[in-house]
Structures are given as C-alpha cells and as structure tokens.
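# Coordinates in review
Chain by chain, the residues run as shown.
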Amino acid sequence: MTGTLPDSGRDPQQILSELAQMGADDPNYKQGRLWSLVYYLDESYHAFQGQAWQMYASGNGLNPTAFKSLKRFENDIIASTAALHHGPPEVCGVVTSGGTESCLLAVKTYRDMARATRGVRRPEMVLPRTAHVAWVKASAYFGVRIRWLELDGQLRADVSRLPQLINRNTVMVLASAPEYPHGTIDPVEAMARIAHDRTVPLHVDACVGGFILPFMEMNGIELPPWDYRVPGVTSISADLHKYGYASKGVSTITYRSMDLLKHQMFVDVDWPGGVFASPALLGTRPGGAYAAAWAAMQYFGRSGYQELARRTMQAFTRMRDGVLAMPELRVLGAPSGPLLAYGARDKAVNIFAVGDQMELRGWQINRLQKPDGLHAMITAQHLAVIDDYLRDLRASVDAVRADPTLADRGGAATYGMMAHIPLRGMVRSRVLDMFSGLYRPGGGEIDLAHAATPSEPGQEPPRAAWADRLAQWFVRMRQR
Ligand SMILES: Cc1ncc(COP(=O)(O)O)c(C=O)c1O
C-alpha cells in the first residue's frame, strides 16, 4: 500500500495551496448549485467558523471535567436548544457528532431503558416509512426490530395504524419534524398521545427542523406542534451543523428528564486505564466543533436565525410555487419547509431524466424513490439562485418532453429500473462490493462511466448487469 507521507515535512504554504487544489472537483456549493449536504452562507462567515474551530482544535471533550471550556459550551448549547424547543427545566442532553449519532443514541437509550425497567429482551420500535436511514442503521447496530408505520395519501405517517404496531416489546416510537424525503412534519401530537397512553417513549427527529422550525414559528408561520409542548414527546434530536449553520460535526440530543438520559450513559469501573464514564458514542470529542457551534449560536442569536429562516422560506415558497406552476410536475406530500421534493404528474415526463437535464445545466440534486422524485434541501443561500433554478427546471422538463428517449439513457434509465426489477438483494450485495472497493487499501475509485452507459438499443441487459449498473448509480448518488 502506498501513500503520500513525505520523508520529511513540507512547507505549510505549499501544503495549503495543494489542499485548495484538491477540492477543485468538489460540488459547487459556494454558488448554491448543490441541494444537499452543505449549509453554506458566505466566505466571511465560513472564515469566522474556521477561527472559532481553530481556537479549540486541540481541545478534547472526552473527559468533561478536563476541558471546562468545552463543558461550558455544551451546557450552553443544550440549555439554549432545550429553551428553543420549549423544554421544561428538567430537560437535559448531550452534544453529539451529528444527526446519525443522535439517532443511534436514542435507540440505544430506549432499548436499554426497556430492558432495565421492563425486562424487554426482543426490542422493537415503530418507524414511519419516511424515517431517515440513520434509524434503520440504529436498528441494525442495536438489534431493535423495526415495525413500519405506513404513510397516508399526503406521505405523512398514518397515525390510525399506530395503535396496532405497539406491543409489550415496543421500546420507542419515532416521529420526524420534518422527515428528510419530503419535508413533511409527522402528526407528532396524535402519535405522542397514543405512545403516551401506552407509556412508550416518543422521540422526535428534528435533525433537520430543530434549528429552523422554532424561528419559522417566531416569524409567524403556523406549524403543527412537534416539540416539548407536546406532553408525550420524551426526546428530540436537532442538528446544529444543518440549519444552525455550525461547522460539521455537531448535533444535540435532549431528553425530557435525567431518568431517560442516564440510560444513554456508559460507565466502566474495571478498565485498567481507570474508571471510565461516557455520555455518548464517541470517546474523543472534538473541541473545535463545540466551539464553532457555540460561536454560530452567538453570532446569529434569535434575530439572526429568524432572518435566515425568513430567507429560506422565501426560497422554499418560490420553489414550491414554481414547481406547482409547471403542469407536468407535482410537489410530493405536504412539505412545511425548509425542504421539498417533486415528481412528475405528466406520465410523458420521466423525473429522473429531468434530474439528468438539471445536472447538465450544472445543478446537483438528489434522487428519491417510492415515489420517484427530485429533492431540494433549501437554505438561505439558495434564495439568490432560485430563479435560475426554476428557469433551468422549465427548460429541463421541456427537453424531456421533446425527447422521451432521454428516459432510456444515463441515470434516468438506470434509476428508473429500480422500480421494475426485483433485484434488491443483488443490488445490495453489489453496492456492498463497490463500497468495499472504495475502502480497499489505497482507496479505489468507482468507474462511473459504466453506470451512465446506455444499453444497445433494443437489447435487454442481463439481470446481473442491471444490478451492477443500479449499484453503481446508487453509490454515485451517495457521493453527493
Ligand atoms: C431527519 C434526519 N435525521 C437524521 C439525519 C442524519 O444526520 P447526519 O447526516 O448529520 O448524520 C438526517 C440527515 O439528513 C436527517 O435528514
């Protein structure tokens, strides 16, 4: 295995300029062309976050009694978050490394609590079909079986089906505010009532909404209740590195009381390295991320976040109305913002072909399935480009209408097959192989050319070849 470790150290300026060059083919998020992954405002705010990070870059939150500064940041972040979510004074919590860690922790906590307090040995949880995939990962990691709550006609969790999914093994119920695929807020109040009546905890995944919904409400937007004002809500996850505009690596998980949070904690008194206690998944916890998150909250304050929410919702409304004005398209579900998804209303328009056309015009957009759609995680930055986006969307739809064969080519053909070929097991194993390839010694690269190559006209590719192409396409999408 080879690497680039030099025999002796290099000039820092040279290294920095090389670092800058290495990002040359990264997504063009600074111009608002990317519609997921990044929450970027401008270079001066980016530099400010960098400075805050740098001041505590060596700090380690592993032992909360060592770096008192980091514990102060954490206390303040959690207290402010709990207040934003209308928590009573008993609400407590932990800063984590991201939404996934917060989701994993909720599942671990409620599994362990059910085991300790009710002797549950075969834990189950109820997840709406739109739950973020981090919850499926948590199921796999912690051995908690999923009971799926199907959706209603608005793609919202169908609360009428919830009672029959809860049984003595249920350790938690999940609701999202909003869910990732369509930006719909689950019926938290009704779900929490049912869970509460059966003394089952209800977690709200507000990884997306936690730092924008409160400010949307302050701006006068009416939203269904989703936070601690709903009595049966027992915990909330909320990401600062999304709509809190903090540098990557910071989320929060809060619980209604310490009786719950204590089941998240890990203590070992026999380790030869000393007595060890840890509140979350990580050992070492990055001081820089904590400092940058605290700095973000101080920088914006309530009024700054309200202004970001105002701009974001202006962009959201323009995009939603722009999509609704195109008769070939439809908005999926009933999004409250800040994100939305749209699909095709007109059967002659293949939405994945529209996605390919948008890509040709320089936009990077995630694809959805079940139902097929295109996705937009809208931020304040996007207000400046929304008109360009809609103009290109119109042109992309026209291009697909004018040439229906676009649906049989490239990404559209590959992705579209997903709906029709029952090859999921094969696709899964090929994705795993390809992903392993990315992490083999030396770090491979996936041959994307193959994924986008159309089959010969009139020739049906063999099933395994389709599985390969689908897998490549998926891996490619996930790199976005
Ligand atoms: C609703 C929801 N929950 C959890 C997550 C996971 O967050 P992260 O990517 O920070 O791990 C996401 C990510 O988009 C999300 O949308």
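Residues numbered from 1 in each chain as written. Predicted model: local features only at pLDDT ≥ 70, side-chain atom pairs only at ≥ 80, totals over all residues.

## What about the overall build of the protein chain?
Selection criterion: Every helix listed is a DSSP run of H or I at least four residues long, and every strand listed is a run of E at least two residues long, numbered separately from the N terminus. The globule rule is 2.2 Å times the number of residues to the power 0.38, and the radius of gyration it is compared with is taken over C-alpha atoms. In this scheme the burial state of a residue depends on its C-beta neighbours within 10 Å: 20 or more other such atoms mean buried, 12 or fewer mean exposed, and anything in between means partly exposed; the C-beta positions come from the backbone.
Per the secondary structure count, the protein chain includes 15 helices and 13 strands. For 480 residues, the compact-globule estimate of 2.2 N^0.38 gives 23 Å, and the protein chain sits close to it at 23 Å. Projecting the C-alpha coordinates of the protein chain onto the three principal axes gives extents of approximately 65 × 65 × 45 Å. Within the protein chain, the proportion of its 480 residues that are buried is 45%.

## A word on the site of the ligand
Note the following rule: Residue proximity rests on one test: whether the C-beta atom, placed from the backbone, lies within 6 Å of the molecule or strand.
Looking at the ligand, there are 13 residues lining it, with Gly98, Gly99, Thr100, His132 and Cys207 nearest. In terms of residues, the shell around the ligand owes the most to one element, helix H4 (residues 99–118), which gives three residues.

## Considering the packing of helix H3 (residues 68–84) against helix H9 (residues 287–324)
Filter applied, for reference: Interaxial angles span 0 to 180 degrees and are taken between N-to-C directions of axes, which are lines fitted to C-alpha atoms, for helices over the stretch in contact. Oblique is the label for every angle not falling under 35 degrees (roughly parallel), over 145 degrees (roughly antiparallel), or within 65 to 115 degrees (roughly perpendicular). It is the rotation of the near helix from the far one that decides the hand of a crossing: anticlockwise by less than a right angle makes it left-handed, clockwise makes it right-handed. Placing C-beta atoms from the backbone, we regard two residues as in contact once those atoms come within 7 Å. Classification used: nonpolar for Ala, Val, Leu, Ile, Met, Phe, Trp, Tyr, Cys and Pro, charged for Asp, Glu, Lys and Arg, polar for all others including Gly.
Closest axis-to-axis distance for the H3/H9 pair is 9 Å, and the angle between their directions is 45°. Taken together, the axes of H3 and H9 lie oblique to each other. Like other packed secondary-structure pairs, H3 and H9 cross with a definite hand, here left-handed. Contact with H3, carried on its side by Leu70, Phe73, Glu74, Asp76, Ile77 and Ser80, involves Gly287, Tyr290, Ala291, Ala293, Trp294 and Met297 of H9 and no other residues of that element. Across the contact of H3 with H9, the residue classes tally to eight nonpolar, two polar and two charged.

## Quick word on the environment of Trp294
Within the secondary structure, Trp294 is located in helix H9. Overall, Trp294 belongs to the buried group, with 25 C-beta atoms counted inside 10 Å. Between the alpha carbons of Trp294 and Ala52 there is a distance of 8.8 Å; along the sequence they are 242 residues apart. Those residues in contact with Trp294, other than ones at most four positions away along the chain, are Phe73, Asp76 and Ile77.

## As for the nonpolar core
Definition in use: By convention the nonpolar core is taken to be a set of buried residues drawn from Ala, Val, Leu, Ile, Met, Phe, Trp, Tyr and Cys and joined through C-beta atoms within 7 Å.
The biggest cluster of nonpolar side chains holds 123 residues, and the ones touching the most others in it are Val188, Met191, Tyr290 and Ala293. With 18 residues, H9 is the largest single contributor of residues to this core. With residues up to four places along the chain from it excluded, the contact list for Tyr290 reads Tyr56, Gly61, Leu70, Phe73, Glu74, Val95 and Val250.

## Regarding the sheet that holds strand S7 (residues 251–255)
This is how it is decided: Strand pairing follows a simple DSSP-based rule, namely that at least 2 bridges must link the two strands.
One open sheet holds the seven strands; their spatial order is S1-S7-S6-S5-S4-S2-S3, and the pairing between them is mixed. Across the chains shown, the open sheet's two edge strands, defined by having one partner strand only, are strand S1 (92–96) and strand S3 (145–149). Within this sheet the neighbouring strands show an average axis-to-axis angle of 20°, counted without direction.

## Describing the packing of helix H2 (residues 43–55) against H9
Contact geometry for H2 and H9: axes closest at 7 Å, N-to-C directions at 135°. Relative to H9, H2 is oriented oblique. Remark: the crossing between H2 and H9 carries right-handed chirality. Contacts between H2 and H9 involve Phe48, Gln49, Ala52, Trp53, Gln54 and Met55 from the former and Gly288, Ala289, Ala291, Ala292, Ala295, Ala296 and Tyr299 from the latter. Partitioning the contact of H2 with H9 into residue classes produces 10 nonpolar, three polar and no charged.

## Digging into the sheet that holds strand S11 (residues 339–344)
Here four strands make up an open sheet; going across it, the order is S10-S11-S13-S12 and the pairing antiparallel. Each edge of the open sheet is held by one strand with a lone partner, namely strand S10 (329–331) and strand S12 (367–368). Both S12 and strand S13 (residues 373–377) contribute to a ladder of two bridges, which runs antiparallel. Bridge pairing in S13 places Leu368 opposite Gly373. Here helix H10 (residues 351–360) sits on the sheet in contact with S11, S12 and S13, set at roughly 50° to S13.

## So, helix H5 (residues 133–142)
Rules: This arc is built from the directions going out from the helix axis to the C-beta atoms.
Within H5 the residues assigned to the buried category are Ala134, Trp135 and Ala138. Axial view of H5: buried residues confined to an arc of 100°, hence all on one face. Relative to its buried face, H5 has exposed residues pointing more than 90 degrees away, namely Val133 and Ala140. Among the structural elements, H4, strand S2 (124–128) and strand S4 (170–176) are those in contact with the buried residues of H5. Positive backbone phi, at 65°, marks Gly143, one or two positions downstream of H5.

## With respect to the pairing of strand S6 (residues 233–239)
Stated formally: Look down the strands so they point away from you; if going from the first strand over the helix to the second traces a clockwise path, that crossover is right-handed.
In terms of burial, S6 is a largely internal element, seven of the seven residues being buried. Both strand S5 (residues 202–205) and S6 contribute to a ladder of four bridges, which runs parallel. Of the residues in S6, the one forming a bridge with Val204 is Ile236. For the handedness criterion, the β-α-β arrangement of S5, helix H7 (residues 213–218) and S6 is classed as right-handed. Direction of pairing for S6 relative to S7: antiparallel, over a ladder of five bridges. Within S7, the position partnered with Ser237 by the bridge is Ile253.

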